[in-house]
Structure formats: structure tokens, C-alpha cells
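A structural walkthrough
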Amino acid sequence: MKIAIYGLGYVGLTATACLTAEGHSVVGVDVSEKKVRETNAGLSPIKEPGLEELLKKAVDAGLLRCVTDGSDHLRDSDMAIVCVGTPSGPDGSHNMSYIAEVSRQIAASIESGRKQPLTVVYRSTIRPGTTEELIRPIFESTVRGDAGKLFELVYNPEFLRESTAIEDYFHPPKIVVGTHDGLPNARMDELHKNLDAKVFYTQYREAEITKFVDNSFHAVKVAFANEIGRVCMQLGISARKVHEIFISDRKLNISPYYLRPGGAFGGSCLPKDVRALQFIAADVGAHSRLIDSLLRSNDAHKHFLFEHVTTGLAPGASVLMLGLAFKNDSDDLRESPKVDMARKLLSAGFALSVYDPHLEPDHLVGQNLGYTFLHLPTLPKLLVSAEKIAATHYDVVVDMNGMAGALTLDCDRFVDLNCLQ
Ligand SMILES: NC(=O)c1ccc[n+]([C@@H]2O[C@H](COP(=O)([O-])OP(=O)(O)OC[C@H]3O[C@@H](n4cnc5c(N)ncnc54)[C@H](O)[C@@H]3O)[C@@H](O)[C@H]2O)c1
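Residues numbered from 1 in each chain as written. Predicted model: local features only at pLDDT ≥ 70, side-chain atom pairs only at ≥ 80, totals over all residues. Heavy atoms only, no water.

For the rest of this paragraph, the subject is the pairing of strand β9 (residues 318-322). The buried fraction of β9 is high, at five of five residues. Along β9, one buried face is formed by Ser318, Leu320 and Leu322 and the opposite face, lined by Val319 and Met321, is buried too. Two strands pair when backbone bridges link them, and β9 and strand β10 (residues 351-355) are joined in this way by five bridges, in the parallel orientation. Counted as the bridge partner of Leu322 is Tyr355 from β10. Pairing of β9 with strand β11 (residues 394-399), which is carried by four bridges, proceeds in the parallel orientation. Within the sheet, the bridge partner assigned to Met321 lies in β11 and is Val398. (Buried < 20%, exposed > 50% of the residue type's maximum accessible area, 1.4 Å probe, protein only. Helix = DSSP H or I, 4+ residues; strand = E, 2+ residues; numbered from the N terminus. Pairing = 2+ DSSP bridges.)

Evaluated as defined, the whole model comprises two cavities of 30 Å³ or more. Reported here for the largest cavity is a volume of approximately 130 Å³. If you go around the largest cavity, you meet 15 residues; those closest to its centre are Pro157, Glu158, Pro172, Lys174 and Ile175. Of the residues contributing to the lining of the largest cavity, the split by class is nine nonpolar, two polar and four charged. By volume, the second largest cavity is sized at about 70 Å³. Forming the boundary of the second largest cavity are Gly263, Ala264, Lys302, Leu305, Pro337, Lys338, Met341, Lys344 and Met400. When contributions to the lining of the second largest cavity are tallied by element, the ones reaching two or more residues are α13 (294-310) and α14 (337-347). Ranked by residue count, the leading element in the lining of the second largest cavity is α14, at four residues. (1 Å grid on protein atoms, 1.4 Å probe; cavity = no way out; pocket = protein on both sides within 12 Å on 5 of 7 lines; lining within 4 Å. Points joined across faces, edges and corners; volume = space filled by probe spheres on them. Nonpolar A, V, L, I, M, F, W, Y, C, P; charged D, E, K, R; others polar.)

For the ligand, the set of nearby residues contains 22 residues, the closest of which are Val11, Asp30, Lys35, Thr86 and Glu162. Burial of the ligand by the protein chains amounts to 80% of its free accessible area of 840 Å². Counting residues per element, the ones that place at least two in the shell around the ligand are α1 (10-21) and α4 (97-109). With three residues, the top contributor of residues to the shell around the ligand is α4. (Near = heavy atom within 4 Å. Areas by Shrake-Rupley, 256 points an atom, 1.4 Å probe, with all protein chains shown as cover.)

Segmentation of the protein into domains returns domain 1 (2-207) and domain 2 (299-416). A separation of 50 Å is found between the C-alpha centroids of domain 1 and domain 2. (Domains from an automatic or database assignment.)

The subject of this paragraph is the side chain of Ser77. Relative to the assigned elements, Ser77 resides in the loop between β3 (64-67) and β4 (79-82). A polar side-chain atom of Ser77 sits 2.7 Å from the main-chain carbonyl oxygen of His73. (Polar contact = N/O pair within 3.5 Å; in protein donor to acceptor, adjacent residues only side chain to side chain.)

Mapped onto the fold, His308 is located in helix α13. Note: C-alpha distance between His308 and Leu382 (74 residues apart in sequence) is 22 Å. Ignoring anything within four residues of it in the chain, the contact list for His308 reads Arg413, Val415 and Leu417. (Contact = heavy atoms within 4.5 Å.)

The next subject is the pattern of salt bridges. Counted under the stated rule, the structure contains 19 salt bridges. In this structure, Lys56 and Asp60 form a salt bridge, with 3.1 Å as the shortest nitrogen-oxygen distance. Placement of the pair is Lys56 and Asp60 together in helix α3 (residues 51-60), with a separation of four residues, close to one helical turn. A relative accessible area of 43% means that Lys56 is categorised as partly exposed. Take Asp60: its relative accessible area is 57%, and that puts it in the exposed class. Notably, a salt bridge pairs Glu101 with Arg104, separated by 2.9 Å at the nearest N-O pair. With Glu101 and Arg104 both in helix α4 and three residues apart, the pair spans about one turn of that helix. The structure contains a network of salt bridges with shared partners spanning Glu132, Glu133 and Arg205. (Salt bridge = Lys/Arg side-chain N within 4 Å of Asp/Glu carboxyl O.)

Between helix α5 (residues 130-142) and helix α9 (residues 204-234), whose axes approach to 9 Å, the crossing angle comes to 105°. Taken as axis vectors, α5 and α9 run roughly perpendicular relative to one another. Between α5 and α9, the residues in contact are Thr130, Thr131, Glu132, Glu133 and Arg136 and Tyr204, Arg205 and Glu208, respectively. (Axes fitted to C-alpha atoms, helices over the stretch in contact; angles between N-to-C directions. Parallel < 35°, antiparallel > 145°, perpendicular 65-115°, else oblique.)

As C-alpha cells, then:
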């Protein structure tokens, strides 16, 4: 393909080097004359292992030319890839001025006589909604002619890490492609045909938020690891050994487990042990801000779920909750977030029924019984059977534990809190 790459920074130069190595012909565009001059001389303006060698080969093979103004080069390009910077603004949001300016430049250079639409691919990290609310309006108001036939917009986040950028480009952890309808795109398939990674086609916003989610999770991991490290060091425990043991657990620790957006955490262990670790960390002066925030974050989530279920619901409305124990196939109610939901619903004046086939109030013992008696003394009156449910109409059914599949339900609204949609 003939590709124009806008922005010759870490992302743009890596794409330039790797795409020319695959045989594509690239025009690199950057406002920096120095970067353009150096790249045209086969020199890398940035330090990145393996980059300069690939750039030199591309220049020698006639596959790469760099310019400060790309307008004359889009005529015979199939694709434009935008890799300009999106640095932090004073309020912390991304500064979108380079994205806006480069979009205007590309849109203004699209000729009305094009036979095939120009595929304009954004690789910069941009806030969800940017493609639809900033980029598309710029194109639609600037392009002369039938917008639908002259260009197509794609969002394709980049996952490379500096210092291993070339290796990461050819072996990405995944490929995410946002299109206006979430459907595959032939030019993007062609672009990625040599890469061995799972491809996710989705709509723009899911693709746009992917980098924010990934990078925030990486930040959470680093902060968490360091807080644990501080606690260990203060207690004279080997942080390195603890790390080795932690990451060896691929079933619960380094795994998809505990990462699905859905219910709050609860039960007899997580809240208790988090509280205790908070105490230990404070006691040894480890200042574990992330760990200290976990229970408050969980409470905020419980409140969010209650609002989500009851928004627009009149007091007195009938609500059926499926699942009350802290997880399915258990009768343990201790610190179950579902008990909190039931209490909130009752105190807000809703007519609550609860279905949980694993619960028999007469069989609850020990702390479990004490907790239930204290927090939900009317439990026996709330419980209903599958037969009763099949014969009743409810205003809302809330599935807390993924139990709906086995039941016959008649309701105005069904809310799945086991897995947020
Ligand atoms: N650096 C990374 O590891 C990395 C990884 C993934 C995603 N990203 C994202 O990719 C984007 C680019 O990051 P980067 O580190 O390559 O940025 P960078 O600052 O190194 O490079 C951006 C380049 O864009 C050029 N530019 C600005 N306006 C231009 C215009 N109108 N026309 C042509 N060129 C223009 C600048 O001169 C600069 O050379 C950012 O949104 C970043 O968040 C970066």
C-alpha cells in the first residue's frame, strides 16, 4: 500500500520503519524540519533499538520519503496514519490541538475525484468520543465532494513500549480496530496481515478507551506492587520472594479472574483481609494509598449499582433479587454486597423478594447466622421459590449471581449485575 504517516515521533517512526520493512511505500510527514531532514538521510531522530537500521534500508530501497507538508502526497495514497502527540493539557485532559490541525490538513488535501476512499487511521491516544465529535465534523466540514465516498475513519490504538518498539510492533499483545459500524475493514486487514495477534473490530469508543484502560491498569499494578513491597520491607519480609510467589499464581492472581465489571466484592475474606492489610501498612508507616482506597471504591460501586437498579422506579415497586449470598453455590452471607443491596432496597420502600436456592434460613449457623440476623432480620419473609416467581409479575428483576437462566421470569425490566453490559 501507499501510506502517509503524520507525526514522526516514537509511534510514527516505528510504524514507518516496520511498514517499509514489510514492503509498503511510506511518505513521512512532520512539522519538524530537523526530523524530516534526518530521516531522509537514513538517520533516526530518536533512540530506539533497531530503528535506524530499518529507516536506512527503507531510504536506500526508495520506499521512504519524508516531507513537512503532506498535501501533495495524499493523491495517490491508500491510507494516512496519524501519530501526532496528544500531551497533557493544564487540566489533565489530552491536548487535542495537534489532532485537530492534522485532521484539517488531511481533509483539505483529499481531492474530490478520488476513485477509492482514503483510509484515515488514528493511532494517537485520544479520549472516547473524539473520532465522532471532533475528527468526523472536521472532515465533513472540510472535504469537498461526497464525504461518504472520499474517506473512511478508523481508530487503531498502538500498544508498543519504547525501547522494545520494533519487537512490539511485529508482536503486539492484541490488535484493536474501531470503525463506524464495528465491522471489519479490508485495508486494515491488509495492514495487519503479517501480525500474529487476536484482532478485535469494534466501534470507535470502545477502541478509543482501550489505551486508557490498559495504561491505568498498568499504573494500578505498579502502585499495588510498590505498596506491597513497602509493607514487606518494613516488616523485614523479602519483597522479591513475595513477588515470585504472587506471579506464579496464574489461576487467581495473574488471570482474568476478579476482573469482570459486575458486582462489588464481599464475602468473609476480601473485605476483612483488606482492612487488616490497611492496618498493618499504617502501623509500619508504608502509606498504602491504593490499598486504603479499596473499601471506599467498593462502597461507591455498591451505591452506583443501587442507583442503576432503582433509577425511575417509584417507591413501592416490586423488585426481585436473584442471589443473596456473596457468590453463587454458597450460603455465606457475611459481608455479602447483595445483603447491602437488599437493605438499601427495603429502606427505600421497595417491595423486595429474594430468590437464592442455596439459602435455608434455618440452616444458617455461627457468624453467618449472626450477620444475617443483624443485617437482614426479615430474610425468611423475603425468600421466594422458583414456582412463586414463575407465577408473579415483577417491576424489576436484578440478577446478582447469574441465576436467571434457570428461571421463568415475567418483568418490566431485567438488570444483570453479575456482568455489567
Ligand atoms: N510513545 C509511546 O510509547 C506511545 C505508545 C502508544 C501510544 N502513544 C500515543 O501515540 C501518540 C504519539 O506519541 P509519540 O510518543 O510518538 O509522540 P511524539 O511527541 O514523540 O511525536 C509526535 C510527532 O508529531 C509531530 N506533529 C505534531 N503536529 C503535526 C502535524 N500537524 N503534522 C505532522 N506532524 C506533526 C511532532 O512534530 C512530533 O514529531 C500520542 O497520542 C501517544 O499518547 C505513544
